[in-house]
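# Tertiary structure, described
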Amino acid sequence: MCGIVAVTGYKKALPLLLNGLGKLEYRGYDSAGIAIIHSETKNIVCNKTEGKLKNLINNLSEKNIPGTVGIGHTRWATHGKPEVKNAHPHIDSSGTVAVVQNGIIENFQDLKNKLQKEGIIFNSDTDTEVIPHLIQRELNTLSKLKLENNGSTLLVAVRNVISDLEGSYALAVLWSGAPSSLVVARRQAPLIIGLGEGEFICASDTPAIANFTNIILPLEDEEIALLTPLGIEIYDSNNERQYRNPVSLKVSEQVIDKMNFKHFMLKEIYDQPDTAKNWLENYLIKNSENGQYQIKYPFDTKFLESIARIEIIACGTSKHAAMVGSFLLEQFSGIPTNVYYASEFRYSPPPLLPNTLTIGVSQSGETADTIAAIDMEIKRRSIAGDEKFRPNLIAITNRSESSIGRQVSNIIDICAGIEVGVAATKTFFAQLLSFYGLAIHFAQIKGSQSPDEIKKLITELIKLPPLLEDLLEKHDQSSEKLAHDFFNIKDVIFLGRGINYPIALEGALKLKEISYIHAAGYPAGEMKHGPIALLDKKVPVISIASPGEVFDKVISNAQEAKARDSYLIGIAPECNGTEIFDYLMKIPSSNEWVSPLLNIVPLQLLSYHIAAHRGLDVDQPRNLAKSVTVE
Ligand code: AGP
């Protein structure tokens, strides 16, 4: 959340900053701003606007700010409303220090109270504003020691200040006293330095850097760095200078293009047949000797043989993928598995159990709750001392170069390509596939399924790409028509059972987050225990009814909703029982195990079309951000 870009070098800063911010707008779009050291006056020139980045770009279109050192920010509001006064950069009272920050300063109120007692006047409601004031106060103190005005002095000042900050941050600081220097620091929030030609560009995420260079130096947690056009100095929290080699960005960032689609989300829904093809190519290999398929991982899987139970940590859509995963790992592979909200796990972890595999799932690899929960689990297992409690970790992510990618060494890269729409679609699909891979792998090593059963599941997965293409063709228009009738509804209930219960949750989340319509997902059998009280003719029910173990039960639950006058939409193949639905979104017949991979597609399309019909900003829904880097 919140995107930071900072640059120092020989090139004009403004276009570099705006370009970088454009690539980070998915992190927040409540307001945006830049500050640049004017190359002649050496003063800080700051410009901020409310709303999306385009407002800042328009505001700056006529302005020429000469300068090669600057910082920029795109904000997702935590403290203080999305107004200009709360937009970053924040500047101290003397106008000489400017700061952009991502994260939350938890003790800001105490610090603010102290500064106010000293006579400092605050201009915003943010937690961030304490930082420039504290740095200025520190610089004043250092000036009494007759330290020179240069980058090293700024480095000392920032280091002294961050030692008083509680919470998480990534920050970048400018000081007109050292006009070619930039100081950046991070704690539990990402920051990456790109080594360009004639400039260093520092940003919250790689897309902001990829246009300039593919050589990067990720800053590690608790590190601080001084950047000047001549070089970089990195220090750890003990003030030890750090030396390490830069690394190459693994994938050059793909051209982020909507093609002919109206929104990225629709394009990304349409990418799913390719997502399936990529997964099959990347992760499924046929043994040429015995003709058997195996799952191929880029790490040694020997340690999985001793695993007796699995815990999965994730948030939002990733948690829904994890719930499908948990169903597969228990019911198909026979391994007891629990899924936890990362934000809950950290503060109320389950008792430490032996021989446990911990799986962190995060599309972005930057979700603060998930990072913190994984970190806590690594620490408590490492200090347990006993071999059987050792941390065994896998991360499932779309960004192997992210913080989680660096935190965990066994990575399953879902290889879905950059997802721009804030609502996760193709990455959810790719996360699901990763769990199918794990379930197959565990079923093979634990012998929980016969080779024939495993082969059946693999055959169904191989059939996916054309089925998905067919689904998209069938349901794009039909869901658009349905959206026409439903765009004004107030509440929707999603029902599913067994492996499709998490799909009901995900369907409801998709609808809520982009259309702002209240939606709730329930296990179909649970409806009669309370939610049924909500039903009447104004509340449509979307029921996922895949033939298999619980089909008849789901149909009976749908009957109960129909008896309360709800309009019934079925996500099901055309078969006996589905005539009950007022509207049937037909799904090709498939094995129940793979049904979530098909059922999710019409639900994504329906949410998309309802939101588009309501004229909403589908790709950047209000109050959300693609990467949730605050706890
Ligand atoms: C997805 O549509 C949501 N915007 C959100 O729930 C997301 O899945 C969640 O914030 C977790 O993100 P992550 O996968 O990047 O960790």
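Residues numbered from 1 in each chain as written. Predicted model: local features only at pLDDT ≥ 70, side-chain atom pairs only at ≥ 80, totals over all residues. Heavy atoms only, no water.

### Let's talk about the sheet that holds strand β25 (residues 541-544)
What counts is decided by this rule: Note: two strands are recorded as paired if DSSP finds a minimum of 2 bridges between them. Strands are runs of DSSP state E lasting at least two residues, helices are runs of H or I lasting at least four, and both sets are numbered from the N terminus onward. Lines fitted to C-alpha atoms define the axes, with helix axes restricted to the stretch in contact, and inter-axis angles between N-to-C directions lie between 0 and 180 degrees. Pairs of residues are marked as contacts when any of their non-hydrogen atoms sit within 4.5 Å.
Reading across the sheet, the five strands line up as β24-β23-β25-β26-β27 and stay open at both edges, with parallel pairing between neighbours. Across the chains shown, the open sheet's two edge strands, defined by having one partner strand only, are β24 (518-523) and β27 (583-586). On average, each strand axis in the sheet is tilted by 20° relative to the strand beside it, whichever way the strands run. Sheet topology places strand β23 (residues 491-496) next to β24; six bridges connect them, and they run parallel. Among the inter-strand pairings, Leu495 is bridged to a residue of β24, identified as Tyr522. Here helix α16 (residues 501-515) sits on the sheet in contact with β23, β24 and β25, set at roughly 175° to β24. Along the sheet, helix α17 (residues 551-562) makes contact with β25 and β26 (568-572), crossing β25 at roughly 170°.

### Some words on the nonpolar core
Operational definition: Side-chain atoms within 4.5 Å link the members of a nonpolar core, which is a set of buried Ala, Val, Leu, Ile, Met, Phe, Trp, Tyr and Cys residues. Per-residue accessibility, obtained with a 1.4 Å probe over protein chains only, is compared with the maximum for each type, and a residue is labelled buried under 20%, exposed over 50%, and partly exposed between these values. Domain ranges listed in this record stem from an automatic or a database domain assignment.
By size, the foremost hydrophobic cluster in this structure holds 87 residues, and its most contacted members are Ile359, Ile394, Phe435, Tyr436, Leu438 and Leu461. The dominant element in this core, judged by the number of residues it contributes, is helix α13 (residues 426-446), at 12 residues. Looking at this core, you find at least three residues from each of domain 2 (254-462) and domain 3 (469-618). In terms of nonpolar packing, the next biggest core, distinct from the first, is built from 30 residues, Val99, Phe108, Val158 and Ala185 among them.

### Describing the pairing of β25
As a general feature of sheets, a regular strand has side chains that alternate between the two faces. We apply this condition: By the criterion used throughout, a crossover qualifies as right-handed when its path from the first strand across the helix to the second strand runs clockwise, the strands pointing away from the viewer.
Across the two faces of β25 the burial is the same, with Val541 and Ser543 and Ile542 and Ile544 all buried. The pairing of β23 with β25 spans three bridges and is parallel. Looking across to β25, one finds that Leu495 is bridged to Ser543. Strand direction decides the pairing type here: β25 and β26, joined by four bridges, are parallel. The residue of β26 that forms the bridge with Ile544 is Ile571. Between β25 and its parallel partner β26, the chain crosses via α17, and the hand of that crossover is right-handed.

### Here's the deal with the sheet that holds strand β4 (residues 70-75)
Working definition: the strands of a sheet are paired by backbone hydrogen bonds and lie parallel or antiparallel to each other. With antiparallel pairing, the eight strands of this open sheet are ordered in space as β3-β2-β4-β1-β10-β9-β11-β15. Whereas interior strands pair on both sides, the edge strands pair on one side only; in this sheet they are β3 (44-50) and β15 (247-248). Contacts between helix α1 (residues 13-24) and the sheet are confined to β1 (3-9), β2 (31-37), β4 and β10 (199-203), with β1 contributing the most and set at about 155° to the helix. The strands touched by helix α2 (residues 53-60) within the sheet are β2 and β3, with β3 carrying the most contacts at an inclination of about 135°.

### So, the site of the ligand
This is how it is decided: If a single non-hydrogen atom of a residue is within 4 Å of a molecule or strand, that residue counts as near it. In protein, a polar contact requires one atom able to donate a hydrogen and another able to accept it; more generally it is a pair of N or O atoms within 3.5 Å, and residues adjacent in sequence count only if both atoms are side-chain atoms. To be clear on the numbers: accessible area is Shrake-Rupley with a 1.4 Å probe, and residue cover counts the displayed protein chains and nothing else.
With respect to spatial proximity, 15 residues lie near the ligand, and among them Ser318, Ser362, Ser364, Thr367 and Glu513 are the closest. Contacts to the ligand include Thr317, whose backbone N or O atom sits 3.0 Å from an oxygen atom. One of the backbone N or O atoms of Val422 is found 3.2 Å from a nitrogen atom in the ligand. Relative to its free-state accessible area of 410 Å², the ligand is covered by the protein chains to the extent of 90%. Elements with a contribution of two residues or more to the shell around the ligand: α9 (316-331) and α16.

### What to know about helix α11 (residues 368-384)
In an α-helix, one full turn covers 3.6 residues, which means residues spaced three or four apart are oriented alike. Put simply, the test is: Between the first and last residue of a helix there are one fewer steps than residues, each counted as 1.5 Å, and that sum is the expected span.
Between its first and last C-alpha atoms α11 spans 24 Å; for 17 residues at 1.5 Å apiece the expected length is 24 Å, and the two agree. Residues of α11 that are buried include every one of Ala368, Asp369, Thr370, Ile371, Ala372, Ala373, Ile374, Met376, Glu377, Arg380 and Arg381, and no others. On its buried face, α11 is in contact with β18 (309-314), α10 (342-345), β20 (356-362), β21 (392-397) and α12 (403-407). In the stretch just after α11, Gly385 is the one whose phi turns positive, near 85°.

### A short note on the domain arrangement of the protein
Taken as a whole, the protein is organised into domain 1 (3-248), domain 2 (254-462) and domain 3 (469-618). For domain 1 versus domain 3, the distance between C-alpha centres works out to 46 Å.

### Describing the packing of α9 against α16
Convention followed: By the definition adopted for this analysis, an angle is roughly parallel if under 35 degrees, roughly antiparallel if over 145, roughly perpendicular if from 65 to 115, and oblique otherwise. Handedness of each helix crossing follows the sense of rotation of the near helix against the far helix: counterclockwise by less than a right angle gives left-handed, clockwise gives right-handed.
The geometry of α9 relative to α16 is characterised by a closest axis approach of 8 Å and an angle of 165° between their N-to-C directions. Of the possible angle classes, the one that applies to α9 and α16 is roughly antiparallel. The two elements α9 and α16 cross, and the hand of that crossing is left-handed. Each of Gly316, Thr317, His320, Met323 and Val324 in α9 lies in contact with α16, whose residues at this interface are Tyr501, Pro502, Ile503, Leu505, Glu506, Leu509 and Lys510.

### Thoughts on the side chain of His475
Along the chain, His475 turns up in helix α15 (residues 464-486). When residues no more than four places from it in sequence are discounted, the contact partners of His475 are Glu480, Met585, Lys586, Pro602 and Leu605.

### With respect to the layout of surface pockets
Rules: Points on a 1 Å grid over protein atoms alone make up a cavity when a 1.4 Å probe fits among them but cannot get out, and a pocket when they form an open set with protein on both sides within 12 Å along at least five of seven lines; lining residues each have an atom within 4 Å of a point. Grid points are joined across faces, edges and corners, and a volume is the space filled by probe spheres set on the points. Residue type decides the class: Asp, Glu, Lys and Arg count as charged, Ala, Val, Leu, Ile, Met, Phe, Trp, Tyr, Cys and Pro as nonpolar, and the leftover types, Gly among them, as polar.
In this model, the largest pocket occupies a volume close to 620 Å³. Lining the largest pocket are 28 residues; nearest its centre among them are Cys315, Gly316, Thr317, Ala625 and Val628. Listed by contribution, the elements that provide at least two residues to the lining of the largest pocket are α9, β20, α11, α13 and α16. A per-class count over the lining of the largest pocket returns 11 nonpolar, 12 polar and five charged.

### Some points on the packing of aromatic side chains
Going by this rule: Note on aromatic pairs: the rings of Phe, Tyr and Trp (six-membered ring only in Trp) are paired at centre separations within 6.5 Å, and the planes decide the class, stacked below 30 degrees, edge-to-face beyond 60, tilted for the rest. To sit over a ring, a charge needs its Lys NZ or Arg CZ within 6 Å of the ring centre and within 35 degrees of the ring normal.
Taken as a whole and judged by the stated rule, the model has nine aromatic pairs. Ring centres of Phe261 and Tyr270 lie 5.2 Å apart, and the angle between their planes is 40°; on these two criteria the pair is classed as tilted. Judged by relative accessible area, which is 26%, Phe261 ranks as partly exposed. Pairwise contacts between aromatic rings join Trp279, Tyr283, Tyr297, Phe299 and Phe303 into one cluster. It is Lys52 that lies over the ring of Tyr29; its NZ or CZ is 5.4 Å from the centre. Between the NZ or CZ atom of Lys319 and the centre of the ring of Tyr341, over which it lies, the distance is 3.9 Å.

### A closer look at the pattern of salt bridges
For clarity, the cut-off: A carboxyl oxygen of Asp or Glu within 4 Å of a side-chain nitrogen of Lys or Arg is what we treat as a salt bridge.
For the structure shown, the criterion picks out 26 salt bridges. In this structure, Asp274 engages Lys277 in a salt bridge whose closest nitrogen and oxygen atoms are separated by 3.5 Å. Within this pair, Asp274 and its partner Lys277 are both found in helix α8 (residues 272-283), separated by three residues, close to a single helical turn. For Lys277, a relative accessible area of 33% corresponds to the partly exposed category. The shortest N-O distance in the salt bridge between Glu453 and Lys456 comes to 3.0 Å. Remark: Lys456 and Glu453 occur in helix α14 (residues 451-462); sequence separation between them is three residues, near one turn of the helix. For Glu453, a relative accessible area of 26% corresponds to the partly exposed category. Through salt bridges that share partners, Lys267, Asp271 and Lys426 make up one connected network.

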